[in-house]
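Residues per chain are reported as follows:
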Amino acid sequence: MVSRVIPVEPFDLVIFGATGDLARRKILPGLYRRHLAGQLPDNARIIGAARSEMDDAGFRDLALKALEEFVAKNKRVQSDIDAFLARLAYVAIDATGEGGWATLKERMQPDVIRAFYFSVAPSLFGDIAERLCLHGIAGPDSRIVVEKPFGRDLATAKALNKILATHFAESQIYRIDHYLGKETVQNLMAVRFANILFEPLWNAQYIDHVQITVAETVGVEGRGSYYDKSGAIRDMVQNHMMQLLCLIAMEPPYHFDPDAVRDEKLKVIRALLPVGPEDIVRGQYAGRKGEGYLKDSENPASRTESYVALKVQVANWRWQGTPFYLRTGKKLRGRASEIAITFKEPPHSIFDDAEGWRENQLVIRLQPDEGMNLKVMIKEPGPGGMRLTQVPLDMSFAEALGDEGTDMPDAYERLIMDVIRGNQTLFMRGDEVEAAWAWTDPIINAWEARTERPQAYDEGSSGPEDALMLMHRDGRRWREIR
Ligand SMILES: NC(=O)c1ccc[n+]([C@@H]2O[C@H](COP(=O)([O-])OP(=O)(O)OC[C@H]3O[C@@H](n4cnc5c(N)ncnc54)[C@H](OP(=O)(O)O)[C@@H]3O)[C@@H](O)[C@H]2O)c1
């Protein structure tokens, strides 16, 4: 299968924070891979901006090192690397000062799409947005890309939205949630809305419950002081997991169009019931000999959760009585992001073998090994009579699609190309982000008003005991984290 690579329109992409970790790890390597795929037109240019003083050659050196570190060896073709580096330029700019903006303006090409990636701390968004407009660098056709975290609560998200809206229209603002750029996440929409098979069953009548899991084996990895102010709810639930829940729970949009999709997601967020203390479990990983989260976060009194599990109800006709269980955590037994949809029992069984029967389950794996697995019942092979057994209809993208499957663009590459195409479908709209915080804030505030500690769980385990109970008490169980 050969995928179609359609070149985008000529553009100038300015990366603010071009010397930072995200630019080096994701943005520059992602752009290089799109160059390699033939998606960048000849006059696509990338201009780095940050405070560090350097010239174009210095920035190309930095980019080369980033490619050597973060692009697979078999993708590093010298002639392509040279051609890619020739697209790069650099302007030293302090976002909070007036120097450098005139140079940036001079260096930009006329009559091409202008996109500005704010890969800097959110406290600089306002400064950059204001100066881009003040200096006549950004116009009504320009696009800005902003990174997470988009606020730390409803008030700060509203303030950020207000600052950006002073200078840019909503149609120009691309709020990145890189989960939405994952192939499987987009495939969720294809699976649901391009097949007749699932949609008739996609409701509380046939679905018993949904589990969404994002499990990590890593801890806070040197980001302890940042993470400690955030925690799993802010870092994962309010954005990524909420977006996954929306894609599972939303009504079919009338068209695969940015606002049609985002309208439907917003309705889901607004339909979420508040979560009471009985429906949430917080955990913190504990290691041997005093190691663990408290050491990693450098805050021995920290009550920040490195794990959270919640039971969430979507109060609308489609989902009445079908809970969504969400869990995410660090230092768990395995690394897995997946959505598991468990169907109900058939209304009547004609078989005597109750023991062999298992629920149908559709598992959508986001990582690792993106793919889908539909568990169905068949007759157990052999002469043992009509005994039942469950088998997986398993599809790994890598296997099913060959090179296309293993060579799928990274979420950032895909999303940056969408920015250039002017397609906002996979980006969060301002009202969506605010609605997500409006639901998350009371959960966080209720916890902060209390004094209890998160439940300790062992590093390498599948999370705190109480999280198991959250499912057991409903007669259900989590899928195993491997
Ligand atoms: N890293 C990730 O994996 C990741 C993941 C998701 C979201 N994000 C978000 O992406 C953004 C960037 O993260 P990062 O990890 O790349 O941060 P970082 O490594 O600290 O880089 C920050 C960048 O901002 C520049 N900068 C700082 N102050 C500036 C100023 N006053 N004017 C102009 N440039 C300035 C820095 O360069 P100079 O010091 O040279 O000015 C540097 O290039 C943050 O909002 C972060 O939350 C990052």
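Residues numbered from 1 in each chain as written. Predicted model: local features only at pLDDT ≥ 70, side-chain atom pairs only at ≥ 80, totals over all residues. Heavy atoms only, no water.

Side note on the overall build of the protein
When helices and strands are counted, the protein shows 16 helices and 15 strands. In terms of overall dimensions, the protein is globule-like: its C-alpha atoms have a radius of gyration of 24 Å, near the 23 Å expected for 482 residues. Principal-axis analysis of the C-alpha atoms places the extent of the protein at approximately 80 × 55 × 45 Å. By sequence separation, contacts in the protein at least 24 residues apart represent 76% of the contacts at least 6 residues apart. For the protein, the exposed area adds up to about 21,900 Å²; of that, 52% sits on carbon and sulfur atoms. Here the protein contributes 61 positively and 70 negatively charged side chains, and the mean placements of these two sets differ by 2 Å. (Helix = DSSP H or I, 4+ residues; strand = E, 2+ residues; numbered from the N terminus. Rg over C-alpha atoms; globule rule 2.2 N^0.38 Å. Contact = heavy atoms within 4.5 Å. Areas by Shrake-Rupley, 256 points an atom, 1.4 Å probe, with all protein chains shown as cover. Lys, Arg positive; Asp, Glu negative; His and termini not counted. Charge placed at Lys NZ, Arg CZ, Asp CG, Glu CD.)

Section: the sheet that holds strand β5 (residues 143-146)
An order of β3-β2-β1-β4-β5-β6 is seen for the six strands of this open sheet, with the pairing classed as parallel. Of all the strands in the sheet, just β3 (88-92) and β6 (173-175) have a single pairing partner and so form its edges. The mean inter-strand angle of the sheet, taken between neighbouring strand axes irrespective of direction, is 20°. Of the pairings in the sheet, the one linking β5 to β6 comprises three bridges and is parallel in character. From the neighbouring strand, valine 146 faces β6, where its bridge partner is arginine 175. Together, β1 (11-16), β2 (45-50) and β4 (113-118) form the strand contacts of helix α1 (residues 21-36), whose direction differs from that of β1 by roughly 170°. Along the sheet, helix α5 (residues 125-134) makes contact with β1, β4 and β5, crossing β4 at roughly 160°. (Pairing = 2+ DSSP bridges. Axes fitted to C-alpha atoms, helices over the stretch in contact; angles between N-to-C directions.)

Regarding the pairing of β1
Buried residues dominate β1, accounting for six of its six residues. Burial along β1 is two-sided: the residues Phe11, Leu13 and Ile15 and Asp12, Val14 and Phe16 are all buried. Of the strand pairs in this sheet, β1 and β4 are connected by six bridges, and their pairing is parallel. What sits directly across from phenylalanine 16, in β4, is phenylalanine 118. With five bridges joining them, β1 and β2 adopt parallel strand pairing. Bridged to valine 14 within β2 is isoleucine 47. In this fold, β1 hands off to α1, which returns the chain to β2; that crossover is right-handed. (Buried < 20%, exposed > 50% of the residue type's maximum accessible area, 1.4 Å probe, protein only. Right-handed = clockwise from strand over helix to strand, strands pointing away.)

Focus: the domain arrangement of the protein
In terms of domains, the protein is made up of domain 1 (11-147) and domain 2 (180-403 + 429-472). Between the C-alpha centres of domain 1 and domain 2 the distance comes to 35 Å. (Domains from an automatic or database assignment.)

What about a negative patch on the surface?
A cluster of acidic residues, Glu221, Glu291, Asp296 and Glu298, forms a negative patch at the surface. Relative to the assigned elements, glutamate 298 resides in the loop between α11 (293-296) and β9 (307-312). (Patch = residues over 30% accessible without salt bridge, like charges linked within 9 Å, V, L, I, M, F, W, Y side chains within 5 Å. Salt bridge = Lys/Arg side-chain N within 4 Å of Asp/Glu carboxyl O.)

Focus: the site of the ligand
Lining the immediate environment of the ligand, one finds 21 residues, of which Thr19, Asp21, Arg25, Ser52 and Val120 sit closest. Threonine 19 places a side-chain nitrogen or oxygen 2.6 Å from an oxygen atom of the ligand. One of the backbone nitrogen or oxygen atoms of leucine 22 is found 2.8 Å away from an oxygen atom of the ligand. Burial of the ligand by the protein amounts to 73% of the accessible area it has alone, namely 890 Å². The element contributing the most residues to the shell around the ligand is α1, with three residues. Class assignment for the residues of the shell around the ligand results in ten nonpolar, five polar and six charged. (Near = heavy atom within 4 Å. Polar contact = N/O pair within 3.5 Å; in protein donor to acceptor, adjacent residues only side chain to side chain. Nonpolar A, V, L, I, M, F, W, Y, C, P; charged D, E, K, R; others polar.)

Looking at the sheet that holds strand β13 (residues 371-379)
The nine strands lie next to each other as β14-β13-β12-β11-β7-β10-β9-β8-β15, forming an open sheet whose pairing is mixed. Since the sheet does not close on itself, it has two edges, and those belong to β14 (388-396) and β15 (455-458), each with one partner. Ignoring strand direction, the axes of neighbouring strands in this sheet form an average angle of 20°. The pairing of strand β12 (residues 361-367) with β13 spans five bridges and is classified as antiparallel. Counterpart to glutamine 361 in the pairing with β13 is lysine 375. Of the strands in this sheet, β7 (207-215), β8 (280-286), β9, β10 (324-329), β11 (336-343) and β12 are in contact with helix α9 (residues 231-249), which crosses β10 at around 145°.

Overview of the layout of surface pockets
Looking at the second largest pocket, its volume works out to about 840 Å³. Elements supplying a minimum of two residues to the lining of the second largest pocket: β7, β11, β12 and α16 (465-472). When its residues are assigned to classes, the lining of the second largest pocket shows seven nonpolar, eleven polar and 14 charged. (1 Å grid on protein atoms, 1.4 Å probe; cavity = no way out; pocket = protein on both sides within 12 Å on 5 of 7 lines; lining within 4 Å. Points joined across faces, edges and corners; volume = space filled by probe spheres on them.)

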